[in-house]
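Inside the fold
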Amino acid sequence: MAQKISRLLMKTVIRVPLILWSLVVLYPILWMFLGAFKSNGEIFASPWGLPESFSFDNFVTAWTDYNIGSSFLNSLIVTVLGTTLCLVFAIPTSYAIERIRFKFSKVLFNTYLSAMMIPMVLGWIPLFFLLLKFNMLDNLWALSLVYAVTQIPFSIFIMTSFMSSIPRELEEAAAIDGMSQYGILLKVVTPLLTTGIITVSIMNAVTFWNEYFMALIFLQTDGNYTLGLAMDLMNREAQYTNAWGALFAGLSIAIIPVMIIYAIFQRWIVKGMMEGALKG
C-alpha cells in the first residue's frame, strides 16, 4: 500500500508541472485561434472572452486582402522543394560515408558534423553576394536550394545513424545478383530508411516553414514573400489599421499546417530521433 502511494505521489510530482507548462504553452495559441473569429470590436471589448459568433470573415480578409494565400503557396513551394533537395543530397552522401568507406570518409563525416556547430548567421552575407552575382536573389528556387544546403549536415548525421543498422548481407546479396551500386542504394537501402527519412523530412520541413531571416535577406518583392515575411508585414500594418482579427487569422493559417503535420507524425519523429541517437 505504501509503495502504491509512493508511486502515485511520484507521478503527481512529475505530471503537475508538465500539465501547468502545457497550459502556459497552449493558452496563447487558444487565445489566438479565438481572436481569429472575433471582430475588432469584440477583440477590444472582450479580448479574453469567447467570440459571439464564429465567423470566417477574418480568414477571408487575411487570405485575399493581405496576400496570405500567395505567401502560403510560396512557403509550401520552398518547404517541399527544400526538403526534397536535402534528401536527394543527403541520402547518397550518407551511403557513401557509411558504406563505401573511401579514404577520407571519416574526415568528410567530421567536416559535416563540424558544420552543424557553425552559426548560420555567419553565412548570410556571403550567400547574399553569391546569389547576387548569379542573379538568383528574389528567387524561390534559389531559396529552396539554400535551405536544403543548410540542413544537409543534420540530415547526414541522422541518416548515417540509420544506415549503419542495415545488414550488409542484404547489399552483398543484391550485388551478387548483379545489381549496381546505385540500384542497391535506391532499391535496397532507401526503402529500409523509412523511419529516418520521415524523421529528417519532418524536422527539415518544419524548419523551412518557420524560417524567417534568410527569406528576409534573399527575397525582395511582395509576390515572393513566404508566410514569415507576410506575417511580419501584416503585423506592422495591423498596428495602424487595427486589423487584429485578420492578423490572428493569418497566424492561425500559418501555424495550423505545422500542428497537423506534427500531430500525424509525432510518433515517427520521436521514434526516429530516439533510434537515431541510440544507433549513433
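Now for the overall build of the chain. Regarding its fold elements, the chain presents 13 helices and 0 strands. Each helix and strand of the chain, placed in order from N terminus to C terminus, yields the pattern α-α-α-α-α-α-α-α-α-α-α-α-α. Relative to the compact-globule value of 19 Å for 280 residues, the chain shows a C-alpha radius of gyration of 24 Å, a clear excess of over 25%. Summarising its shape, the C-alpha atoms of the chain cover approximately 75 × 75 × 35 Å along the three principal directions. In the chain, buried positions account for 40% of the 280 residues. For the chain, long-range pairs separated by at least 24 residues make up 74% of all intrachain contacts whose partners lie at least 6 apart in sequence. For the chain, the separation between the mean place of its 16 positive charges and that of its 15 negative charges on side chains is 17 Å.

Quantified by volume, the largest pocket comes out at close to 490 Å³. Mapped onto the lining of the largest pocket, the elements with two or more residues apiece are helix H5 (105–115), helix H6 (121–133), helix H7 (140–163) and helix H10 (194–210). When residues of the lining of the largest pocket are assigned to their parent elements, the largest contribution, 8 residues, is made by H7. The residue makeup of the lining of the largest pocket, split by class, is 18 nonpolar, 5 polar and 1 charged.

Quick look at empty space enclosed by the protein now. Under the defined criterion, the tally for this structure stands at 1 cavity of 30 Å³ or more. Size it by volume and the largest cavity reaches roughly 40 Å³. Its residues assigned to classes, the lining of the largest cavity shows 4 nonpolar, 1 polar and 1 charged.

Let us now look at the packing of aromatic side chains. Summed over all chains, the structure comprises 13 aromatic pairs. Each ring, one from Phe37 and one from Phe54, has its centre 5.3 Å from the other, and the planes form 65°; the classification is edge-to-face. Taken together, the residues span a long stretch of sequence, with Phe37 in the loop between helix H1 (2–35) and helix H2 (40–45) and Phe54 in the loop between H2 and helix H3 (57–64) at a distance of 17 residues. Phe37 sits in the buried class, given a relative accessible area of 16%. Three or more aromatic residues link up through ring pairs in this structure, and these residues are Tyr27, Trp31, Trp48 and Phe248.

Turning to the nonpolar core, a few remarks are in order. Among the nonpolar cores identified, the biggest contains 23 residues, and Phe59, Tyr66, Ile68, Leu227 and Met234 are the most heavily contacted of them. For this core, the secondary-structure elements that each account for two or more residues are H3, helix H4 (68–100), helix H12 (227–241) and helix H13 (244–279). It is H13 that contributes the most residues to this core, 7 residues altogether. Apart from residues lying up to four places away in sequence, Tyr66 is in contact with Thr61, Met234, Glu237, Thr241, Ala243 and Ala246. Formed by 17 residues, the second largest nonpolar core is a distinct cluster that contains Tyr95, Phe162, Ala174 and Leu193.

A few words now on the side chain of Asn74. Note that Asn74 resides in helix H4. Classification of Asn74 by relative accessible area gives buried; the value is 7%.

We now examine the packing of H4 against H12. At their nearest, the axes of H4 and H12 sit 8 Å apart, and the two run at 150° to each other. The angle between H4 and H12 falls in the class roughly antiparallel. Across the interface between the two elements, Ile68, Ser71, Phe72 and Ser75 of H4 pack against Leu227, Ala230, Met231 and Met234 of H12. Class assignment for the residues of the contact of H4 with H12 results in 6 nonpolar, 2 polar and no charged.

Attention now moves to H3. Listed as buried for H3 are Asn58, Phe59 and Ala62. Seen end-on, H3 carries its buried residues on one side only, within an arc spanning 100°.

On the surface, Lys4, Arg7, Lys11 and Arg15 cluster together into a positively charged patch. Mapped onto the fold, Lys11 is located in helix H1.

What follows concerns the confidence of the model for the chain. Summarising the model, the chain shows a mean pLDDT of 86, and 95% of its residues fall at 70 or more. Least confident of the elements in the chain is H13, whose mean pLDDT is 78; most confident is helix H11 (residues 213–218), at 94.

Rules used in this analysis
- Residues numbered from 1 in each chain as written.
- Predicted model: local features only at pLDDT ≥ 70, side-chain atom pairs only at ≥ 80, totals over all residues.
- Heavy atoms only, no water.
- Helix = DSSP H or I, 4+ residues; strand = E, 2+ residues; numbered from the N terminus.
- Rg over C-alpha atoms; globule rule 2.2 N^0.38 Å.
- Buried < 20%, exposed > 50% of the residue type's maximum accessible area, 1.4 Å probe, protein only.
- Contact = heavy atoms within 4.5 Å.
- Lys, Arg positive; Asp, Glu negative; His and termini not counted.
- Charge placed at Lys NZ, Arg CZ, Asp CG, Glu CD.
- 1 Å grid on protein atoms, 1.4 Å probe; cavity = no way out; pocket = protein on both sides within 12 Å on 5 of 7 lines; lining within 4 Å.
- Points joined across faces, edges and corners; volume = space filled by probe spheres on them.
- Nonpolar A, V, L, I, M, F, W, Y, C, P; charged D, E, K, R; others polar.
- Phe/Tyr/Trp six-rings, centres within 6.5 Å; stacked < 30°, edge-to-face > 60°.
- Core = buried A, V, L, I, M, F, W, Y, C linked by side-chain atoms within 4.5 Å.
- Axes fitted to C-alpha atoms, helices over the stretch in contact; angles between N-to-C directions.
- Parallel < 35°, antiparallel > 145°, perpendicular 65-115°, else oblique.
- Arc of directions from axis to C-beta.
- Patch = residues over 30% accessible without salt bridge, like charges linked within 9 Å, V, L, I, M, F, W, Y side chains within 5 Å.
- Areas by Shrake-Rupley, 256 points an atom, 1.4 Å probe, with all protein chains shown as cover.
- Salt bridge = Lys/Arg side-chain N within 4 Å of Asp/Glu carboxyl O.
- pLDDT = per-residue confidence, 0-100.

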